[in-house]
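An overview of the molecular structure
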Amino acid sequence: MAQRGPGRATPWLLLALPLLLLFLFLLLPYLLTFFYSTTGATIGRLLNVKEVGLKNFEAVLSSDAPSFLGVVAITAIFTAGTLLGSLALGTGLALALHTVTAGVRSALLAVFLIPWVIAGVIIGYTWRLIYDPAIGLANSVLGMVGIAPIDWLTEQGIALAALVVANVWAGYGIVLLVVSGALANVPPNIILAGQVDGASYARIVRRVILPAIRPTFLLAALVALVSGLNTFDLIYAMTRGGPLYHTETMALEMYRLTALKGNVGQGAAVTVILFTISLALAIAYVIIWRREARKWS
Amino acid sequence: MELVRFSLSQRFVRAIVVAIALAFALLPLLWVVSIAIRPGTQSVYPISIIPTSVTLDNITGVLFGKTGIGLVPYRNAAFYGISAAVITAVASTLGGYALARYNLRSGEALLIVILALSFLPSASRIVPLFILLSASGQYGTAHGVILAYAAGATPLGIWLMAGTFRQIPIRLEQAARIDGASAFLTMRKIVLPLAIPGILVVATLAFIDGWNSFSLPLILIPKEAAQPYTVALQRYIQEIGYGINWPLLSAGSLVALVPVLTAFAILQRRLVRVGGLGGAIRG
Amino acid sequence: MNRRLLALLSVMVIVGSACTPAASQAPAATGSGASQPAATTAATPTKLTVWARNYTVEDGKKQPWAPEPKAKLEAAHPGLTVELSGATSGDQFNRIELSQAGAVEDKPDIFQLDNIWLGQFVDEGITANLDSYYANWADKGDIVPAYADSTKVKGSQQAVWFYSDIRMMIWSKDVFKKAGLDPEKGPTTWAELFADAKAIKEKVPGVNPVEFPASSEESTVDRWYSYLYMTGSNILSADNTKAVFNDAGGQQALQLYVDLVSQGLAPKAVLSETADDIYPHVFSGKTGIMLATVGDGLGSLPDGFDVSKFQSTIGAALPPLCPGCQPATTAGGWMLAINSASTNKDLAWEYISSVTNGANMVPFEVERTRIPVRTTGLAQADAFKADPYFAAEAEAAKVAHFPPFIAKYTSMIEILWTGMQKAINGDLSTKDALDQAATKVDTLLAP
């Protein structure tokens, strides 16, 4: 398709504003983070910093409170838990709603999407209230069946699981939305064909529907994965990384090192590590998206 | 559409699944409402599931009371959110149009890079943004924060607008140009009206993200009077010696939900349609 | 990428970065600045910005800043407004640090700092040299000798003492009554502490017998030091170069915490609690004993408490003693400093001088149970009698120890509280946890 408009420069003129905005406030900060990860910058000393090479990475990797492996494990568990929970709930619900009449379905979809538009900190406060040992819904329900109250957010073994539940609540809506959209695009004839062959609904789901939506499903998985990895507000509002670092994901550690400890260099080092992982996922997302776009265009 | 005929037991199972999901989705919010509308004296252990009396005191307290955060934080959040929405809409429309209509060799790659950027944790650009803004003397300004929000929402915005523009047949523009209309008039009378639904979606998403933002204003807005409600409500968690003020915190959260749920209700049908194109990203 | 676009972007970046206002300066790499107090600026200043702690600017309570000192300053300089803003301890630290990077309008003229931050702030060049002001200061002789030198860093005065505080143990009289203990008598020895705690555990279910902060922040170490000092141990060696808290006394002090938790007398949840989380528990009867709090708790009453209700609810005394140990407590307090970047240093000094005046401080100190740092303030013992535990506090002040005034103190305490947490959590033995922490502190302090 030949270019239109007054000349070759037009598209770039149009792009100048958005690209400048993205460059200054999105790209440049990330580039700066890479720079700062090799310096000894602190909140008190941000300019005229001295180079320290890889010392920040060393310090982060060899830290023992929390241990780096611990943080990675917590991040992995939190992200995997969020991912599996959101996928299971979102997809299961999408399948259930798929066969409901359209009017009811869109009303239900709207309701299920509500958590998705709520601020991360508000979700955090909401669930912190639910988990409050004294007046929370969780312990009240337990009390009704005679179980002793649980310290959901201060018990080291439980806190992370409690956070995962809250994050699944926050994120399954978007999985539901995306998978619902994909299900709606599945050509009805292949489902009818399955029916005609006498297969049960479960069989149809497994053999026909799920494979048909595989690319979208993978996309939804990637979106859930990335948002799990980047979750900050919710965890900050609920536990700040406690108890004793048992909910300290990489995002939290990045904040703690930078803003609480004031060690900008080390915070940047954690950011670089998190950034690398996110970038890999972003590339995966784009590859799958292009493959999918090519298939359906 | 009902493709499959379900047995009664299958319908029953389906109803149970949906009911449980509904409970899971709504109970936490209902609990917040319950704490917000009951007097503080009832928010103590052991707590009754149904409040014995209701009051609006907590809501008026958080907005107008002595220990409240006032209307100002909500106004601030609205100001930042709307401003960011406007800038995002403009930037996304420009960028989306350029990428949709012009076959740029690097256009595809550009789109990919832009989208990949939005995948990265927004919390990690806070400190460098802080440094950049301080170095240029813009730390603590409203426009600093608004532009930061807009930059976070624009990648997805460009992507959505590119998709929107691609769906507008180019013949319409060509016809208008052949009839002698200038490029500007074409945009105004033909293209933009058709693109409005997409622009609204982009603006709404940007507003929601700005309204909900916490980690950015936490560091970039030092002045208490300029902080949005997300940061102001933190005060109820950190108050010295008083424990967490749940009644006021819940009331404050409820107030925060009203604008965003309204915006969502108005645009949810469009969001559902657009969202089906591959999912929106939250950072 | 298209060459034209590249050029366009480069131009914009260059133009943008050239617009650096002269006002925002890079923080000096040198330590305590040799900057002289600026001569009074030609234009009449319109605003004096003061960053204070939140409870010093609380409505309805006595404030040291206002109404008199503020009114006096504003009357003497027509057109001037004093702008006071309060913050929690953590926020105060952060905003002072962040202020270095901001534009001049966002910098305070005066800021209140915890005495333990002084070393670091001087190192970072945030504080102004006050020697010339001290030289001509009439009130200089009024400062209690014990405090006079601790505002000096690297030989010059960098701050002014504002008020001080000490740590006391507090208990809930209500919980004691329910446990069959004498509500007027708190435990005086560690043995009594354990006995009382066990009684509470048996007779008052649902109540934590003992609590102490053990989360990852400063109050954890601050509230522990009293127990460290009483064993005869200390945090650092006399020359502040080596950690000594891992000696026998230190192990004994930390073992107290470990034993309380392992015997179920203090909940493991203390690992997530700060001092501010805990002391309301004593007021509400959720906890029996708090091992150490600022003052006797009278200074920060929760809603619904006044002085008379306070005395019938809370008991306070010096921290209980281990066998063969000496009474001890921890001293803390707040200072005022002038920002090195301030253009109103003379004005700032004028205000500080009038605010910290002994007589002016007393009403605030009485209401908040803080210790005066001026002889004239201490002389007003009668005013302080409103605090039922004032006599005990005055005695405690005599055995109060300060933490070391070094720049690396704030980094050091993180190592210490991490070690404490490991021991309390059972990850390491008390000895190993402290030894590990001591080694790290030695490395940190090495030149």
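Residues numbered from 1 in each chain as written. Chains lettered and ligands numbered in written order. Predicted model: local features only at pLDDT ≥ 70, side-chain atom pairs only at ≥ 80, totals over all residues.

1. Observations regarding the overall build of chain C
- Secondary structure summary: chain C contains 20 helices and 11 strands in total.
- Taking all contacts inside chain C whose residues are at least 6 apart in sequence as the whole, residues at least 24 apart take part in 77%. (Helix = DSSP H or I, 4+ residues; strand = E, 2+ residues; numbered from the N terminus. Contact = placed C-beta atoms within 7 Å.)

2. Re the interface of chain B and chain A
- Taken together, the contact between chain B and chain A spans 84 residues of the former and 88 residues of the latter.
- Mapped onto the side of chain B that touches chain A, the elements with two or more residues apiece are α1 (8-37), α3 (72-101), α4 (107-118), α5 (126-135), α6 (142-166), α8 (183-212), α9 (215-220) and α12 (246-275) of chain B.
- Ranked by residues supplied to the side of chain B that touches chain A, first place goes to α1(B) with 14 residues.
- Residue composition of the side of chain B that touches chain A, grouped by class: 60 nonpolar, 18 polar and 6 charged. (Nonpolar A, V, L, I, M, F, W, Y, C, P; charged D, E, K, R; others polar.)

3. A look at the domain arrangement of chain C
Residue and element names in this part refer to chain C.
- With domains assigned, chain C is organised as domain 1 (44-165 + 332-401) and domain 2 (167-331 + 405-445).
- For domain 1 and domain 2, the distance between their C-alpha centroids amounts to 28 Å.
- Counting from both sides, the interface comprises 26 residues of domain 1 and, opposite them, 24 residues of domain 2.
- Broken down by element, the residue count for the side of domain 1 that touches domain 2 peaks at 5 residues, all from helix α4 (residues 118-124). (Domains from an automatic or database assignment.)

4. Re the domain arrangement of chain B
All names here are of chain B.
- Taken domain by domain, chain B comprises domain 1 (13-55) and domain 2 (72-275).
- Computed from C-alpha atoms alone, the centre-to-centre distance between domain 1 and domain 2 is 32 Å.
- Class assignment for the residues of the side of domain 1 that touches domain 2 results in 4 nonpolar, 2 polar and no charged.

5. Notes on the confidence of the model for chain B
- Across chain B, the average pLDDT comes to 82, with 90% of residues at or above 70.
- Taken as a whole, residues 275-283 of chain B scores under 50 in pLDDT and shows 28 contacts with residues more than four places along the chain or in a different chain. (pLDDT = per-residue confidence, 0-100.)

6. As for the pairing of strand β1 (residues 47-53) of chain C
Residues and elements named next belong to chain C.
- For β1, the buried fraction is high: 5 of the 7 residues fall into the buried class.
- Examined bridge by bridge, β1 and strand β2 (residues 81-87) share 7 bridges and lie parallel to one another. By the bridge assignment for β2, Leu48 is matched with Val82.
- The parallel pair β1 and β2, bridged by helix α2 (residues 68-76), forms a crossover whose chirality is right-handed.
- Taken together, the 2 bridges between β1 and strand β3 (residues 110-114) define a ladder with parallel strand orientation. Bridging from a neighbouring strand, Trp51 pairs with Phe111 of β3. (Buried ≥ 20, exposed ≤ 12 C-beta atoms within 10 Å, placed from the backbone. Pairing = 2+ DSSP bridges. Right-handed = clockwise from strand over helix to strand, strands pointing away.)

7. Focus: unusual backbone geometry
- The amide bond that connects C:Ala66 to the next residue, C:Pro67, takes the cis arrangement and shows omega of 0°.
- Assignment of secondary structure puts C:Pro67 in the loop between β1 and α2.
- Positioned with a positive phi, A:Tyr245 is a non-glycine residue whose angle comes to about 65°.
- Mapping A:Tyr245 onto the fold places it in the loop between α11 (233-238) and α12 (250-260).

8. Here's the deal with helix α3 (residues 89-99) of chain C
- Of all the residues in α3(C), the buried ones are C:Ser89, C:Gln92, C:Phe93, C:Ile96, C:Glu97, C:Leu98 and C:Ser99.
- Elements that come into contact with the buried residues of α3(C) comprise β1, β2, β3 and α4 of chain C.

9. Regarding the packing of α3(B) against α8(B)
Residues and elements named next belong to chain B.
- Between α3 and α8, whose axes approach to 8 Å, the crossing angle comes to 140°. Regarding the angle of α3 to α8, the classification is oblique. The two elements α3 and α8 cross, and the hand of that crossing is right-handed. Note on element contacts: α8 touches α3 through Ala195, Ile199, Val202, Ala203, Ala206, Phe207, Gly210 and Trp211, opposite Ala77, Tyr80, Gly81, Ile82, Ala84, Ala85, Thr88, Ala89, Ser92 and Thr93.
- For the contact of α3 with α8, the per-class residue count stands at 13 nonpolar, 5 polar and no charged. (Axes fitted to C-alpha atoms, helices over the stretch in contact; angles between N-to-C directions. Parallel < 35°, antiparallel > 145°, perpendicular 65-115°, else oblique. Left-handed = near helix turned anticlockwise from the far one by under 90°.)

10. Topic: the packing of helix α1 (residues 10-36) of chain A against α3(B)
- Direction vectors running N to C along α1(A) and α3(B) enclose 135°, while the axes themselves pass 8 Å from each other. Overall, the two elements α1(A) and α3(B) adopt an arrangement that is oblique. Note that α1(A) runs across α3(B); the crossing there is left-handed. For the pair α1(A) and α3(B), the contacting residues are A:Pro11, A:Leu14, A:Leu15, A:Leu17, A:Pro18 and A:Leu21 in the first and B:Ala91, B:Ser92, B:Leu94, B:Gly95, B:Tyr97 and B:Ala98 in the second.
- Grouping the amino acids of the contact of α1(A) with α3(B) by side-chain chemistry returns 10 nonpolar, 2 polar and no charged.

11. Describing the environment of B:Phe130
All names here are of chain B.
- Take Phe130: it is sitting in helix α5.
- A tally of 26 C-beta atoms within 10 Å means that Phe130 is categorised as buried.
- In this view, Phe130 contacts Tyr139, Ile219 and Leu220; residues no more than four positions away in its chain are not counted.

12. Considerations on the nonpolar core
- A:Val179 and B:Ala150 are the most contacted members of the largest nonpolar core, which totals 177 residues.
- The biggest single contributor to this core is helix α7 (residues 159-184) of chain A, with 18 residues.
- Residue contributions to this core reach at least three from each of two domains, namely domain 1 (13-55) and domain 2 (72-275) of chain B.
- Dropping the residues within four chain positions of it, A:Val179 is found in contact with A:Gly90, A:Thr91, A:Ala94, A:Ile213, A:Thr216, A:Phe217 and A:Ala220.
- Counting residues in hydrophobic clusters, the runner-up holds 124 residues, among them C:Leu118, C:Phe176, C:Leu181 and C:Trp417. (Core = buried A, V, L, I, M, F, W, Y, C linked by C-beta atoms within 7 Å.)

13. Details of the confidence of the model for chain C
Residues and elements named next belong to chain C.
- Taken as a whole, chain C shows an average pLDDT of 84; of its residues, 89% reach a score of 70 or greater.
- At the low end of the mean pLDDT range in chain C sits helix α1 (residues 3-18), at 35; at the high end sits helix α11 (residues 248-262), at 96.
- Low pLDDT, under 50, characterises residues 1-42; the predicted model gives this stretch 61 contacts beyond four residues in sequence or across chains.
- Both confidence scores are given for the complex: pTM 0.81, ipTM 0.84.

14. Notes on the environment of C:Leu321
All names here are of chain C.
- Here Leu321 lies in the loop between β9 (314-317) and β10 (329-338).
- For Leu321, a count of 20 C-beta atoms within 10 Å puts it in the buried group.
- The spacing of Leu321 and Ala394 is 73 residues in sequence and 18 Å in space, taken between C-alpha atoms.
- Excluding residues that lie within four positions of it along the chain, Leu321 makes contacts with Thr188, Thr189, Met230 and Pro327.

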